[in-house]
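The chain contents come next:
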Amino acid sequence: MKTVRWLDEHLEEYMVVILTSIMTILLFLQVLFRFVLNLPLAWVEEISLYSMVWLCYFGCSLAIKKREHLKMEIITNFLKPKAKKIFDLISLILFFAFAVFVLYHVTLLTADILQRGQVTAVLEIPKWIPYAGVPVAFLLMLIRMIQDFIRTIQEMKELGWKKEEA
């Protein structure tokens, strides 16, 4: 149970730190090898590219978890707290539907790549491995949205939300 709690609290943060570190170190090596030793490393570019993709999607999940994702705050700033929560719920539901749609299609794409046995251009590792990060990250986003939905409902109850006020 401790492991699950730790993963819930820190998974995305560690992924973002690890991926950023990998990219920084590898790109520094690439500059060093290309311009100092005149010997470019092709594999660095491929790993950096996949790390950047993973970083973006895990970062999005982290933003959802911390409630720092992009929103139309210009609209909600003029709303009362209860109306703002309703707007937040509607926005979460729409974002959730979009994420389910994307998750479904990237899972199909990843499964298709797995079935075809494609490999990456330089490293020649199975291409489904770097592609698998996107469905995993979208699954995490869905989990974070469910958690945020529950948290928003609890906040509405704390505000004294009643059915007849809707």
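See above for the structure.
In what follows, the accompanying structure is described. (Residues numbered from 1 in each chain as written. Predicted model: local features only at pLDDT ≥ 70, side-chain atom pairs only at ≥ 80, totals over all residues. Heavy atoms only, no water.)

Under the definition given, this model contains three aromatic pairs. Residues Trp6 and Tyr14 carry aromatic rings whose centres are separated by 5.0 Å and whose planes lie at 40° to one another, so their mutual orientation is tilted. Exposure remark for Trp6: the relative accessible area of 38% places this residue in the partly exposed category. Ring centres of Trp54 and Phe58 lie 6.0 Å apart, and the angle between their planes is 45°; this geometry places the pair in the tilted category. Here the residue Trp54 and the residue Phe58 both occupy positions in helix H2 (residues 42-65), the gap between them amounting to four residues, near one helical turn. (Phe/Tyr/Trp six-rings, centres within 6.5 Å; stacked < 30°, edge-to-face > 60°. Buried < 20%, exposed > 50% of the residue type's maximum accessible area, 1.4 Å probe, protein only. Helix = DSSP H or I, 4+ residues; strand = E, 2+ residues; numbered from the N terminus.)

Next up on the list: the pattern of salt bridges. Side chains bearing opposite charge may pair, as long as their charged atoms lie close to each other. Within this structure, the stated rule accounts for nine salt bridges. In this structure, Glu13 engages Lys65 in a salt bridge whose closest nitrogen and oxygen atoms are separated by 4.0 Å. Placement of Glu13 in helix H1 (residues 2-36) and of Lys65 in helix H2 is noted, with a sequence separation of 52 residues between them. For Arg116, the salt bridge identified is with Asp112, shortest N-O distance 2.9 Å. Of this pair, Arg116 and Asp112 both sit in helix H4 (residues 81-116), four residues apart, which is roughly one turn of the helix. (Salt bridge = Lys/Arg side-chain N within 4 Å of Asp/Glu carboxyl O.)

Moving on: H1. Along an α-helix, residues three or four apart share an orientation, since each turn contains 3.6 residues. Under the 1.5 Å per step criterion, the end-to-end length of H1 is 47 Å for 35 residues, consistent within 8% with the ideal 51 Å. For H1, the principal kink sits at His10 and spans about 55°. For H1, the set of buried residues is Glu12, Met15, Val16, Leu19, Met23, Leu26 and Gln30. Buried residues along H1 sit against H2 and helix H6 (133-158). Following H1 by one or two positions, Asn38 has its phi on the positive side, about 55°. (Expected span 1.5 Å × (residues − 1). Bend = angle between axes of the 7 residues up to and from the residue. Contact = heavy atoms within 4.5 Å.)

Once that is clear, we can look at the packing of H2 against H6. Axis separation between H2 and H6 bottoms out at 8 Å; the angle between their running directions is 5°. The pairing of H2 with H6 is recorded here as roughly parallel in orientation. Along the contact surface, H2 presents Val53, Trp54, Tyr57, Phe58, Cys60, Ser61, Ile64 and Lys65, while H6 presents Gly133, Val134, Val136, Ala137, Phe138, Leu140, Met141, Arg144, Met145 and Arg151. Across the contact of H2 with H6, the residue classes tally to 13 nonpolar, two polar and three charged. (Axes fitted to C-alpha atoms, helices over the stretch in contact; angles between N-to-C directions. Parallel < 35°, antiparallel > 145°, perpendicular 65-115°, else oblique. Nonpolar A, V, L, I, M, F, W, Y, C, P; charged D, E, K, R; others polar.)

Now for the nonpolar core. One finds Ile64, Leu92, Ala99, Val102, Leu103, Val106, Val134, Phe138, Met141, Leu142 and Met145 forming the largest nonpolar core, which totals 11 residues. Elements represented by at least two residues in this core include exactly H4 and H6. (Core = buried A, V, L, I, M, F, W, Y, C linked by side-chain atoms within 4.5 Å.)

Before going further, it helps to examine the side chain of Arg144. Within the secondary structure, Arg144 sits in helix H6. Looking at Arg144, its side chain comes within polar contact range of the side chain of Asp8, at 2.5 Å. Not counting residues up to four positions away in its chain, the partners in contact with Arg144 are Leu7, Asp8, Glu12, Ser61, Ile64 and Lys65. (Polar contact = N/O pair within 3.5 Å; in protein donor to acceptor, adjacent residues only side chain to side chain.)

Attention now moves to unusual backbone geometry. Non-glycine residue Asn38 carries a positive phi angle of around 55°. Residue Asn38 is classed as exposed on the basis of its relative accessible area, which comes to 64%. Although it is not a glycine, Arg67 adopts a positive phi angle of roughly 60°. When you line up the elements, Arg67 lands in the loop between H2 and helix H3 (73-76). According to the relative accessible area criterion, Arg67 is partly exposed, its value standing at 24%.

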